[in-house]
Amino acid sequence: MTQIDPNGDSTVERQLALTVQALAESEAKFRAIADSMPQMVWSTRPDGFHDYYNARWYEFTGVPEGSTDGEGWNGMFHPEDQDRAFALWRRCLDTGEPYEIEYRLRRHDGVYRWTLGRARPIRNEAGEITRWFGTCTDIDDLKRSDQAKELLSQELSHRIKNIFAVVSALIALSARQHPEAKAFATAVRTRINALARAHEFVRPHTESSRPTVGTMTLHAFLTDLFKAYSELSGTPRVMVTGDDATFDDQAATSVALLFHELATNAAKYGALSVEGGRVTLETRRMDDRFVLTWTETGGPRVEGVPVQTGFGTSLATLSVEGQLGGRLERRWVPQGLQVVADLPATALSRRRAAQNVA
Amino acid sequence: MTARILIIEDEALVAMELRFVLEDLGHDVVATVADARSAREVARETDVDLALVDIHLSDGPTGVALGRELGQDLGVSVLFMTANPGMVRNGVAGTIGVLSKPTDEYAVQKAVDYALRRRSGAPVLYAPPELQLFG
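Residues numbered from 1 in each chain as written. Chains lettered and ligands numbered in written order. Predicted model: local features only at pLDDT ≥ 70, side-chain atom pairs only at ≥ 80, totals over all residues.

Asks: Where do I start with the overall build of chain A in this structure?
Replies: Counting secondary structure elements, chain A contains nine helices and 10 strands. Here chain A holds 358 residues, and the buried ones make up 25% of them. Restricting the contact set of chain A to residue pairs at least 6 apart, pairs at least 24 apart contribute 54%. (Helix = DSSP H or I, 4+ residues; strand = E, 2+ residues; numbered from the N terminus. Buried ≥ 20, exposed ≤ 12 C-beta atoms within 10 Å, placed from the backbone. Contact = placed C-beta atoms within 7 Å.)

Right, dumping it as structure tokens:
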């Protein structure tokens, strides 16, 4: 580097010298900050060539200084994560998008630790990228804790389902000792089985444990529940349409009991009791309400409102009006029973609604 | 059709009720076992037509491997019965399908009849809707 004489005559030379000094101080400041940070810090040229790592990186990885320059960093990643990380990094270099990814980084003792890698580009006045600055943050403890929670959640879920199976078996076994109670036992067991099914479709409380809702929805549950009523060929006899929704454990029992009752009664007396009978179940979100409409067709002609209210009917009313805070209306139309359940939109996911408000 | 059936289930009450259901249908329940090792012993020593296999047994989640072995190596027709059908979402080679617990007697009867018809080579049109078939 050419020596600039700060005491030289030229103002330009003096300014140049001052600028160089300022740059050197700035660089020293940067290194001081970067080396004091608990995270690993790195920097690359616009083409992605890594030319700087702070002290933390070398302490953590234990590699010789300069040995991970260029693209050598990728080899420090877990083999299963290398391709994914490299592909994302290349995409960010091309597009200038901020880089963010979780991967396993090899520590000096050979142990792979989950790490959060993030980077952002620096641009000049023309908008061109001149440099990337990035950090690596150790998130291994957090990740393992999340995994442990997920395992526990799965185990609890399994135990709950198992208990339902045991209770159902207990009732059946008890009924064998009391043959006169067989009809009662069957009625209770089918309700419990419906409850057990519903809980399988309840969305877990922790949002993070399941990134996508996927199959844990109202429609998925209803389709599963009504499978037993389909034709031999598998064609469903209860058609579920309209807006889908998720539901939490508070609503699961009510949802299960309501539709179990409607289907059971339809199979005993209504549309599902004859071959050509069908049911449509339409679910619609309308402003702050969620409306479920059950319509039976093709069954025996309805001769008016039945005289006695079966216990099954009042359980459905109790569930909708009591537990879910909605309105249940039955219309005994000659072509077939119509039932409308009008619920507050938050009724199915009250827990989540409460969390959002709080 | 009377079949020799092996129940592999670690919840004694569930196993007992299942045994009664099958015996009421006229089948011969060869044994009820709670773990994979006992299941293998029975299957080697006795002729078994059909095995109803839970996934989580008293020796851990050994049901899947056990079911595969019974189906592929020992010529047993295998139906899984589990509260967690997701664990066999992609099917298990050599086995027929999975029933979700808790089941009702009617679903069990239809599933068993279906499995036995397939085993005997008789034509089968449809599987019962509660039975999730593999492949």
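Asks: Sorry, what's going on with the overall build of chain B here?
Replies: Within chain B one finds four helices and six strands. From first element to last, N terminus to C terminus, chain B shows the α and β order β-α-β-α-β-α-β-β-α-β. Per-residue burial for chain B yields a buried fraction of 47% across its 135 residues. The long-range fraction of contacts in chain B, counting pairs at least 24 apart against all pairs at least 6 apart in sequence, stands at 56%.

Asks: Teacher, can you tell me more about the sheet that holds strand 3 (residues 50-53) of chain B here?
Replies: Adjacent strands of a sheet form backbone hydrogen bonds with each other and so pair up, either parallel or antiparallel. Residues and elements named next belong to chain B. The sheet built from six strands is open, its strands ordered 2-1-3-4-5-6 with mixed pairing. The outermost strands of the open sheet, each flanked by one partner alone, are strand 2 (28-33) and strand 6 (131-133). Adjacent strand axes in the sheet meet at a mean angle of 20 degrees when their direction is disregarded. Pairing analysis gives four bridges linking strand 1 (residues 4-8) to strand 3, with the strands arranged parallel. When the bridges of strand 3 are listed, Ile-5 appears paired with Leu-50. Against the sheet, helix 1 (residues 12-24) makes contact with strand 1, strand 2 and strand 3, and its axis sits at roughly 170 degrees relative to strand 2, the strand it touches most. Of the strands in this sheet, strand 3, strand 4 (77-82), strand 5 (97-100) and strand 6 are in contact with helix 4 (residues 105-120), which crosses strand 4 at around 160 degrees. (Pairing = 2+ DSSP bridges. Axes fitted to C-alpha atoms, helices over the stretch in contact; angles between N-to-C directions.)

Asks: Just to check I follow, could you spell out the interface of chain A and chain B for this structure?
Replies: How big an interface is tends to be stated in terms of accessible area lost as the parts join. Between chain A and chain B, the contact holds 22 residues from the first and 15 residues from the second. Taken together, the elements giving at least two residues each to the side of chain A that touches chain B come down to helix 4 (140-177) and helix 5 (182-200) of chain A. In terms of residue count, helix 4 of chain A provides more of the side of chain A that touches chain B than any other element does, 12 residues in total. Residues that form the side of chain A that touches chain B fall into these classes: 10 nonpolar, eight polar and four charged. (Nonpolar A, V, L, I, M, F, W, Y, C, P; charged D, E, K, R; others polar.)

Asks: Quick question: what am I supposed to make of the nonpolar core here?
Replies: If you look at the biggest cluster of nonpolar residues, it comprises 47 residues, and the most contacted ones within it are B:Leu6, B:Ile8, B:Ala51, B:Leu52, B:Leu79 and B:Ala111. B:Ala111 has contacts with B:Leu79, B:Leu99, B:Pro128, B:Glu130 and B:Leu131, leaving out every residue within four places of it along the chain. Formed by 39 residues, the second largest nonpolar core is a distinct cluster that contains A:Val202, A:Val238, A:Ala256 and A:Ala271. (Core = buried A, V, L, I, M, F, W, Y, C linked by C-beta atoms within 7 Å.)

Asks: Help me out: how do you make sense of the environment of A:Ser349 in this one?
Replies: Residue and element names in this part refer to chain A. Structurally, Ser-349 is set in the loop between strand 10 (336-344) and helix 9 (350-357). The exposure class of Ser-349 is buried, given the 20 C-beta atoms found within 10 Å. Taking the C-alpha atoms as reference, Ser-349 lies 5.2 Å from Asp-248; in sequence the two are 101 residues apart. Those residues in contact with Ser-349 that lie beyond four places of it in its chain are Thr-246, Phe-247 and Asp-248.

Asks: Would you take a moment to explain the packing of helix 4 of chain A against helix 1 of chain B for this structure?
Replies: Helix packing geometry: the angle between the two helix axes and the distance between the axes. Close contact between helix 4 of chain A and helix 1 of chain B brings their axes to 8 Å; oriented N to C, the two are set at 50 degrees. When the axes of helix 4 of chain A and helix 1 of chain B are compared, the pair comes out oblique. Remark: the crossing between helix 4 of chain A and helix 1 of chain B carries left-handed chirality. In contact with A:Ala165, A:Val166, A:Ala169, A:Leu170, A:Ala172, A:Leu173 and A:Arg176 of helix 4 of chain A, helix 1 of chain B contributes B:Leu13, B:Val14, B:Met16, B:Glu17 and B:Phe20. Here the residues of the contact of helix 4 of chain A with helix 1 of chain B sort into 10 nonpolar, no polar and two charged. (Parallel < 35°, antiparallel > 145°, perpendicular 65-115°, else oblique. Left-handed = near helix turned anticlockwise from the far one by under 90°.)

Asks: It is not clear to me how helix 2 (residues 36-45) of chain B should be interpreted in this structure. Could you clarify?
Replies: Since the α-helix turns once every 3.6 residues, residues separated by three or four places project in the same direction. Residue and element names in this part refer to chain B. Considered for burial, the residues of helix 2 that qualify are Ala-36, Ala-39 and Ala-43. Mapping the buried residues of helix 2 onto a view down its axis gives an arc of 60 degrees, with all of them on the same face. Residues Glu-41, Arg-44 and Glu-45 are exposed on helix 2 and point more than 90 degrees away from its buried face. Against strand 1, strand 2 and helix 3 (63-73) lie the buried residues of helix 2. (Arc of directions from axis to C-beta.)

Asks: Before we go on, may I ask you to explain the pairing of strand 1 of chain B in this structure?
Replies: In the case of a regular strand, side chains alternate between the two sheet surfaces. Residue and element names in this part refer to chain B. When you tally the buried positions in strand 1, you get four out of five residues, the bulk of the element. By the bridge criterion, five bridges tie strand 1 to strand 2 in an arrangement that is parallel. Across the sheet, the residue bridging to Ile-5 is Val-29, located in strand 2. Between strand 1 and its parallel partner strand 2, the chain crosses via helix 1, and the hand of that crossover is right-handed. (Right-handed = clockwise from strand over helix to strand, strands pointing away.)

Asks: Mind showing me how you'd approach the sheet that holds strand 2 (residues 50-53) of chain A here?
Replies: All names here are of chain A. Read from one edge to the other, the open sheet built from five strands follows the order 2-1-5-4-3, with strand pairing classed as antiparallel. Where the open sheet ends on each side, the last strands, each with one partner, are strand 2 and strand 3 (99-106). When the angles between neighbouring strand axes are averaged without regard to direction, this sheet yields 25 degrees. Where strand 4 (residues 112-123) lies against strand 5 (residues 129-138), nine bridges are found, and the strand directions are antiparallel. Counterpart to Leu-116 in the pairing with strand 5 is Thr-137.

Asks: Help me understand unusual backbone geometry, please; the structure alone is not making it clear to me.
Replies: For residues that are not glycine, phi is negative in most cases, and the peptide bond is trans in most cases. Between B:Lys101 and the following residue, B:Pro102, the backbone shows a cis peptide bond with an omega angle of -10 degrees. In this structure, B:Pro102 sits in the loop between strand 5 and helix 4. For A:Asp287, which is not a glycine, the phi torsion comes out positive at approximately 55 degrees. Structurally, A:Asp287 is set in the loop between strand 7 (278-286) and strand 8 (289-297).

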